[in-house]
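# Chain and residue survey
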Amino acid sequence: MIKKKIVAVFLALAGMVAAGCGNSDLMVLTPYGDAVIKEDGTSAGTGAAHASDADKPSADVSDSAAADVADGANGQDASKPAAGGDTSGLLHVGFAQVGAESGWRLAQTQSMKDTFTEENGYIFDFVDCNNNQKTQLQALEQFIENGVQYIILDPIVEDGYDEVLKKAKDANIPVIVVDRKISADASLYACWVGSDFSREGKDAAEWLAAFLSENQRASEEINILTILGSDGASAAIGRTNGFEEIAQNQGGWNLLDKQTGDFTKDGGYAVMKAYLDKYDKIDVVVCQNDDEAFGAVEAIKEAGKTCGPDGDIVIISFDATRAGFEAMIAGDINVDVECNPLEGPFVAELIQKLEKGETVEAIQYMEEGVFAAEEAAAVLPSRVY
Ligand code: AHR
């Protein structure tokens, strides 16, 4: 496995900054349990309340009560702590999550939920933005209005957060950006912790170059298809750029096509089916996450073709979730480039530093590796996501 270290790149000022939901259903996790705010204004509890809160009332919200749920001021339960000015000594943190599109995403959500518990000293407002930036911007606005003390933002796309970040900064709410990057000026948020997506793309291409060389195929014409992640997401942009940077120096690599699979299994399946209809000779498929790879493998098998270490089509994937490892062990995927979702503890550490007025690193990369199918069975038992 190739190991990379968490790299602290810059130092940022402490205590500064930052930021602040829409279309489809909105998932809000309060200390009293999850609630889904439906597009049509109706609501439903999910039954996913924290075990420790089992004796507390579940959230019961209406459309106009989104704010009430998020700030714990739901008129139906006066015993809930008020937002911002809560007297319990707990830190009020809002997390605007991308969605629930992939196994990786669920692992990242779990990392945050496990970290920002009441036991650990937090009131945690969670919004699942369902891959919709409008929803995410509304969530951020709501957090600001509710007076949360810190905002965690996993940006769906790179652009379009400047205005809301300015509002958060004016309200003295530090914003910690996680996972994906944004194009906004760094002065508008406290810091960022996530993955080096360009490095991941390069790692994938370098693995492929070594693989082809080891198999005496370095001088062959290699037809490569990419199933992209979501449009505008820095995870997709970085992986594409990184891979293409290395690919351009490889003589016989033909980058035939790249279409978005939206980081989902269904998307990966649909794009792969279209590729199989269109292209006769496919040597490599680069799937920008595990879920897309699972869909692509399904489409390849349905078409009567083979893939993985003993098959005709090389499958490269990203994330390295447990399910990704299982697919490598099953012989479906050749290599999985890790994207580490366990960001919760790092973010908590940053918040604690900011609380003490300490400086924090402006950019922190997660530790990640590259795992080939041959080592998957040995490594799987040590994987935690
Ligand atoms: O931003 C991280 C990417 O988003 C992960 O690779 C993918 O699985 C997720 O949906």
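Before going further, it helps to spend a moment on the overall build of the protein chain. Each helix and strand in the protein chain was counted, giving 11 helices and 18 strands. Counting all 385 residues of the protein chain, 53% fall into the buried class.

Here the protein chain averages 83 in pLDDT, and 77% of its residues register 70 or above. Scored below 50 in pLDDT, residues 1-85 shows 228 contacts in the model against residues more than four places distant or in partner chains.

With 101 residues, the main nonpolar core has Ile151, Val175, Ile176, Met272, Val285, Ala296 and Ile315 as its most contacted residues. Shared between two domains, this core holds at least three residues of each, these being domain 1 (9-194) and domain 2 (197-339).

For the pair helix α2 (residues 103-115) and helix α10 (residues 344-355), the least separation of the axes is 8 Å and the interaxial angle reads 45°. Taken together, the axis directions place α2 and α10 in an arrangement best described as oblique. Here Ser111, Met112, Asp114 and Thr115 of α2 lie close against α10, whose contacting residues are Gly344, Pro345 and Ala348. Of the residues in the contact of α2 with α10, the class split is 3 nonpolar, 3 polar and 1 charged.

Okay, the site of the ligand next. Within the structure, the ligand sits among Glu101, Ser102, Trp104, Arg105, Asp179, Arg180, Ala235, Phe263, Asn289, Phe318, Asp319 and Cys339. Among the secondary structure elements, those contributing two or more residues to the shell around the ligand are α2 and β14 (314-319). Residues belonging to the shell around the ligand are distributed by class as follows: 5 nonpolar, 2 polar and 5 charged. Counting the residues that make up the shell around the ligand, at least three belong to each of domain 1 (9-194) and domain 2 (197-339).

With 18 residues, helix α5 (residues 197-214) ought to run about 26 Å at 1.5 Å a step, and its terminal C-alpha atoms sit 26 Å apart, in line with that. Within α5 the residues assigned to the buried category are Phe197, Glu200, Gly201, Lys202, Asp203, Ala204, Ala205, Trp207, Leu208 and Leu212.

What you see with strand β13 (residues 284-287) is no split at all: Val284 and Val286 on one side and Val285 and Cys287 on the other are buried throughout. Summarising the sheet, strand β11 (residues 222-228) and β13 pair through 4 bridges and their orientation is parallel. Bridge pairing links Ile227 to Cys287 in β13. Bridging between β13 and β14 involves 3 bridges; their strand directions are parallel. Note on β14: the bridge partner recorded for Val285 is Ile315. With helix α8 (residues 290-302) bridging β13 and its parallel neighbour β14, the resulting β-α-β unit is right-handed.

Turning to the environment of Ala303, a few remarks are in order. Its place among the elements puts Ala303 in the loop between α8 and β14. For Ala303 and Asp277, which are 26 residues apart along the polypeptide, the C-alpha to C-alpha distance reads 9.3 Å.

This next bit is on the environment of Ala327. By secondary structure assignment, the location of Ala327 is in helix α9 (residues 322-329). In the structure, Ala327 is positioned 46 residues away from Ala373 in sequence and 8.7 Å away in space, judged by C-alpha atoms. Apart from the residues lying within four places of it in its own chain, the contact partners of Ala327 are Ala293, Phe294, Val297, Asp332 and Ile333.

The next point concerns helix α6 (residues 234-247). With 14 residues, α6 ought to run about 20 Å at 1.5 Å a step, and its terminal C-alpha atoms sit 19 Å apart, in line with that. Within α6, 10 of the 14 residues are buried, which leaves it mostly tucked inside the rest of the structure. Looking only at α6, the buried set comprises Ser234, Ala235, Ala236, Ile237, Gly238, Arg239, Thr240, Gly242, Phe243 and Ala247.

Time to look at unusual backbone geometry. Where the residue is not glycine, phi is negative for most of them; where a peptide bond is considered, it is trans in most cases. Despite not being glycine, Gln216 shows a phi value in the positive range, around 55°. With respect to the helices and strands, the residue Gln216 is situated in the loop between α5 and β11. Note on Gln216: 8 C-beta atoms within 10 Å, which makes it exposed. Positive phi, close to 60°, is recorded for Asp262, a residue that is not glycine. Inspection of the secondary structure puts Asp262 in the loop between β12 (253-260) and α7 (265-278).

Most of β14 is tucked away: 6 of the 6 residues are buried. Burial along β14 is two-sided: Val314, Ile316 and Phe318 and Ile315, Ser317 and Asp319, pointing in opposite directions, are all buried. Note that β14 and strand β15 (residues 335-338) share 4 bridges and pair parallel. Note that in β15 the partner of Asp319 across the bridge is Glu338.

Turning to the packing of α8 against α9, a few remarks are in order. When two helices pack together, their arrangement is captured by the angle between the axes and the distance separating the axes. It is the contact of α8 with α9, at a shortest axis distance of 9 Å, that shows an interaxial angle of 35°. Between α8 and α9 the crossing geometry is left-handed. For the pair α8 and α9, contact is made by Asp290, Ala293, Phe294 and Val297 and by Ala323, Gly324 and Ala327, respectively. Its residues assigned to classes, the contact of α8 with α9 shows 5 nonpolar, 1 polar and 1 charged.

Procedures and definitions
Residues numbered from 1 in each chain as written. Predicted model: local features only at pLDDT ≥ 70, side-chain atom pairs only at ≥ 80, totals over all residues. Helix = DSSP H or I, 4+ residues; strand = E, 2+ residues; numbered from the N terminus. Buried ≥ 20, exposed ≤ 12 C-beta atoms within 10 Å, placed from the backbone. pLDDT = per-residue confidence, 0-100. Contact = placed C-beta atoms within 7 Å. Core = buried A, V, L, I, M, F, W, Y, C linked by C-beta atoms within 7 Å. Domains from an automatic or database assignment. Axes fitted to C-alpha atoms, helices over the stretch in contact; angles between N-to-C directions. Parallel < 35°, antiparallel > 145°, perpendicular 65-115°, else oblique. Nonpolar A, V, L, I, M, F, W, Y, C, P; charged D, E, K, R; others polar. Near = placed C-beta within 6 Å. Expected span 1.5 Å × (residues − 1). Pairing = 2+ DSSP bridges. Right-handed = clockwise from strand over helix to strand, strands pointing away. Left-handed = near helix turned anticlockwise from the far one by under 90°.

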